[in-house]
Amino acid sequence: MPTRTYELSLTTQGPTYPPSEVMNEDGDFVVIGRVNRPGPDGSVRSEWGSAIVAPDSELPPHGQNAPFRIVRDLPDVLSPADQDMVLYTLPLPLPCNNYPMLFAPEQCPQAHSTQRPSYPFHEVPIPDLREEDGRRVTEPVTLGQWVQAQGWMEVATVHGGHDAEFRFEFSGLIPDSMYTVMSLRENDLAPAPAGPFRPGPLGIPNVFFADAAGKGHYRATLPNPFPAPGAPGPRRIVSVVLLWMSYQQNYGGAIGFHGLGGDIHAQLKLREPSFQEFTTTAR
C-alpha cells in the first residue's frame, strides 16, 4: 500500500487570523507562519516567516488578508532576549480573529462571550486545580524552548485501501505536558459558501503526553480520509496540526473550548495542503 513520510514545520499559527496562537508579555502576537506584508502593487504578500505582530492589526473579512502591523521581524537565529521570551495564551474574546466557528458547540455554546485575560503558559488556571495535586508545567515556557520542536509523520493506506494510518514521532516538545493532534479537511478554513467548517481531531482520543525529555509519539487510523473528488464520503483530510494544550485538557470530538490560542496552540504542522497522492474508498 502507498506510504509517505512528511516532516512537519515549526509554527505558532493556525489560520492566518488570529495571526498567531501565542502571545508575549507585551500582548503582541509571536508569529511563526504566514506573515502578511504589503505587496508592491497594493496587494498582500503572505509568506512564511517570523515576526512580532501587534494585536490591533487590520482585520479583514474571513477568507481575505490584510498586511499585519509588524512590531519587528524575528531573526532566523534568535537573540538571547528572544530565546528567553515567555509565551502566553491569547485573551478571550480572541483578538484579531475573523474565524466564526464554535469549536465545542455541545460543550461550550457560549464560548464567544467568554472574557478571560492572557496567561503565561505555566500559570494557566487549570479548572479544579489544587496545588497539592502536582501541576507539572511550573516554569515559564520560552520561545527558545518552543522552537526546539520537531515532528515526522508517516501515512499509509491500510485495510484494502479503505482506511489510512497516521504515525507520528516528535522531539523537542514541552516536557511532561499534554498534546493533541488535529485534522484539517477540505474547506475547513474556506470562506462561505464553501465553508468554514469546524476542524476535528485526528482520531479519538487524539491525546498523547510528552515525556520528561520532550519526546512523544502518536498514531491513528481513520476511515476513508482521502475519498476521490466527487466520491461520496467525508471531506478529504488535507493537513494535520500538533496542538499544545495550555489547559492540559482534552475535549472529545472538539479540539478545544475556545481554539486559536485561547486554549490550543499550534506548534507543528504541514505548511501546504497535502495527501493528493492518496485515495481511499468507503467500505
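These numbers were taken from a predicted model, which means no experiment stands behind them.

Trainee: Looking at this structure, how should I read the overall build of the protein?
Mentor: Along the protein, the regular secondary structure elements total 2 helices and 13 strands. Against the 2.2 N^0.38 benchmark of 19 Å for 283 residues, the protein shows a C-alpha radius of gyration of 19 Å, consistent with a compact globule. In the protein, which comprises 283 residues, the share counted as buried stands at 50%. Here the contacts in the protein between residues at least 6 apart in sequence split such that 69% fall between residues at least 24 apart. For the protein, the accessible area works out to roughly 13,000 Å², and carbon and sulfur atoms hold 51% of it.

Trainee: Got a minute to help me understand the sheet that holds strand β7 (residues 163-171) in this structure?
Mentor: Within a sheet, adjacent strands bond to each other through the backbone by hydrogen bonds, running parallel or antiparallel. Strand order in the open sheet formed by 4 strands is β1-β6-β7-β11, and the pairing between neighbours is antiparallel. The open sheet has two free edges, formed respectively by β1 (3-7) and β11 (216-223), since each of these has just one partner strand. This sheet shows a mean twist of 15° between the axes of neighbouring strands, independent of strand direction. In the sheet, β1 pairs with strand β6 (residues 150-158) via 5 bridges, with the strands oriented antiparallel. In the strand pairing of β6, Thr3 is matched with Ala156.

Trainee: What am I meant to see in the packing of aromatic side chains here?
Mentor: Each aromatic ring pair is characterised by the separation of its centres together with the angle its planes make. Evaluated as defined, the whole model comprises 15 aromatic pairs. Centroid distance Phe166 to Phe275: 6.1 Å. Interplanar angle 85°. Geometry classified as edge-to-face. Here Phe275 lies in the segment after β13 (264-269) and Phe166 lies in strand β7, a separation of 109 residues in the sequence. As far as burial versus exposure is concerned, Phe166 and Phe275 are alike and both buried. Taking the centre distance of 5.6 Å and the plane angle of 10° together, the rings of Tyr179 and Phe208 count as stacked. Within this pair, whereas Tyr179 is found in strand β8 (residues 178-185), its partner Phe208 is found in strand β10 (residues 207-209), the two being separated by 29 residues in sequence. As far as the burial class goes, Tyr179 and Phe208 line up, both buried. Linked through ring pairs, Tyr6, Phe166, Phe226, Phe275 and Phe278 together constitute an aromatic cluster.

Trainee: What am I meant to see in the layout of surface pockets here?
Mentor: Sizing a probe to match a water molecule and rolling it over the atoms shows the empty space that remains. In this structure, the largest pocket occupies an estimated 770 Å³ of space. Residue lining of the largest pocket: 37 residues in total, with Gly14, Pro15, Thr16, Leu184 and Leu189 positioned closest to the centre. Those elements that provide at least two residues to the lining of the largest pocket are β4 (44-53), β8, β12 (237-245) and β13.

Trainee: Teacher, can you tell me more about the sheet that holds strand β5 (residues 70-73) here?
Mentor: Strands sit in the order β3-β4-β5 across an open sheet of 3 strands; the sheet is antiparallel. Edge positions in the open sheet fall to β3 (29-38) and β5, since each of these has one partner strand only. If you compare each strand with its neighbour and ignore which way they point, the axes differ by 60° on average. Relative to β4, β3 is paired through 10 bridges, and the arrangement is antiparallel. Each bridged residue has a counterpart across the sheet, and for Val31 the counterpart in β4 is Ala51.

Trainee: So what exactly am I meant to see when it comes to the environment of Ala156 here?
Mentor: In this fold, Ala156 is placed in strand β6. Separated by 10 residues in the primary sequence, Ala156 and Phe166 place their C-alpha atoms 6.8 Å from one another. Discounting chain neighbours no more than four positions away, the residues touching Ala156 are Pro2, Thr3, Asp163, Ala164, Glu165 and Phe278.

Trainee: What is the right way to read the pattern of salt bridges from this model?
Mentor: One side chain can pair with another of opposite charge once the charged atoms of both are near each other. Applying the stated criterion to the full structure yields 10 salt bridges. The shortest N-O distance in the salt bridge between Arg34 and Glu272 comes to 2.3 Å. In this pair, Arg34 sits in strand β3 while Glu272 sits in the segment after β13, placing the two residues 238 residues apart along the sequence. The class for Glu272 is partly exposed, based on a relative accessible area of 46%. As a salt-bridge pair, Arg130 and Asp133 come within 3.0 Å of each other at their nearest N and O atoms.

Trainee: Just checking my understanding: could you explain the nonpolar core for this structure?
Mentor: When a protein is soluble and globular, its nonpolar side chains tend to lie buried together. In this structure, Met153, Phe166, Phe168, Phe170, Leu202 and Phe275 are the most contacted members of the largest nonpolar core, which totals 41 residues. Leaving out residues up to four positions away in the same chain, Phe170 has contacts with Leu8, Gln150, Gly151, Phe208, Gly214, Lys215, Gly216, His217, Tyr218, Leu242 and Leu268. Listed in part, the 33 residues of the second largest apolar core include Cys108, Val241, Ile264 and Ala266.

Criteria and cut-off values
Residues numbered from 1 in each chain as written. Predicted model: local features only at pLDDT ≥ 70, side-chain atom pairs only at ≥ 80, totals over all residues. Heavy atoms only, no water. Helix = DSSP H or I, 4+ residues; strand = E, 2+ residues; numbered from the N terminus. Rg over C-alpha atoms; globule rule 2.2 N^0.38 Å. Buried < 20%, exposed > 50% of the residue type's maximum accessible area, 1.4 Å probe, protein only. Contact = heavy atoms within 4.5 Å. Areas by Shrake-Rupley, 256 points an atom, 1.4 Å probe, with all protein chains shown as cover. Pairing = 2+ DSSP bridges. Axes fitted to C-alpha atoms, helices over the stretch in contact; angles between N-to-C directions. Phe/Tyr/Trp six-rings, centres within 6.5 Å; stacked < 30°, edge-to-face > 60°. 1 Å grid on protein atoms, 1.4 Å probe; cavity = no way out; pocket = protein on both sides within 12 Å on 5 of 7 lines; lining within 4 Å. Points joined across faces, edges and corners; volume = space filled by probe spheres on them. Salt bridge = Lys/Arg side-chain N within 4 Å of Asp/Glu carboxyl O. Core = buried A, V, L, I, M, F, W, Y, C linked by side-chain atoms within 4.5 Å.

Distances and angles like these do not, on their own, reveal function.
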